[in-house]
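Chain and residue survey
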Amino acid sequence: MPPPDVRRFPWGEVVTLDEGCGYRVKRVTVEPGHRLEYRVHATRTEHWVVVRGTALVTLDRIPFTLKAGGTIAIPPGGAHRVENIGSGPMVFVEVQTGEPIGEDAIVSLD
């Protein structure tokens, strides 16, 4: 099995754990006080499970606080972002399903 794909950003990192036809699994780490862009994708669903820390998730302008064990489903067309509101790294696992899975299917709303 090839090594995982690791991408680092000023806000944290994304590690692709598994990928196949119509799905991708990622581990996303967000550093304290950072957030990802507000975005939407029309054709895929994402399921997030927070495994460490506290996340402030905004879905269609409605905020949700998720702690370790908390989950949320991001439907196709759902505008969303995640922010680390804790004092240490926040980690969540993201399972994407649908087509296309590629990052080029994302539309930034920021």
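Predicted model, so just to flag it, every value in this text is computed and none were measured. (Residues numbered from 1 in each chain as written. Predicted model: local features only at pLDDT ≥ 70, side-chain atom pairs only at ≥ 80, totals over all residues. Heavy atoms only, no water.)

**Some details on the side chain of Arg81**
By secondary structure assignment, the location of Arg81 is in strand 9 (residues 80-84). For Arg81, the side chain forms a polar contact with the main-chain oxygen of Leu36, separated by 3.3 Å. (Helix = DSSP H or I, 4+ residues; strand = E, 2+ residues; numbered from the N terminus. Polar contact = N/O pair within 3.5 Å; in protein donor to acceptor, adjacent residues only side chain to side chain.)

**Details of the pairing of strand 1 (residues 5-9)**
The side chains of a regular strand alternate, residue by residue, between the two faces of the sheet. In the sheet, strand 1 pairs with strand 2 (residues 12-20) via five bridges, with the strands oriented antiparallel. Of the residues in strand 2, the one forming a bridge with Arg8 is Glu13. Once strand 1 ends, the chain turns through two residues before running back antiparallel as strand 2. (Pairing = 2+ DSSP bridges.)

**Let's talk about the sheet that holds strand 1**
Spatially, the six strands line up as an open sheet ordered 1-2-3-10-5-8, and their pairing is antiparallel. With partners counted over all chains shown, the strands left at the sheet margins are strand 1 and strand 8 (71-74), one partner each. Strand-to-strand, the axes of this sheet are offset by a mean angle of 20°, without reference to chain direction. Pairing between strand 3 (residues 23-30) and strand 10 (residues 90-98): eight bridges, direction antiparallel. Its bridge partner being in strand 10, Val28 is matched across the sheet by Phe92. (Axes fitted to C-alpha atoms, helices over the stretch in contact; angles between N-to-C directions.)

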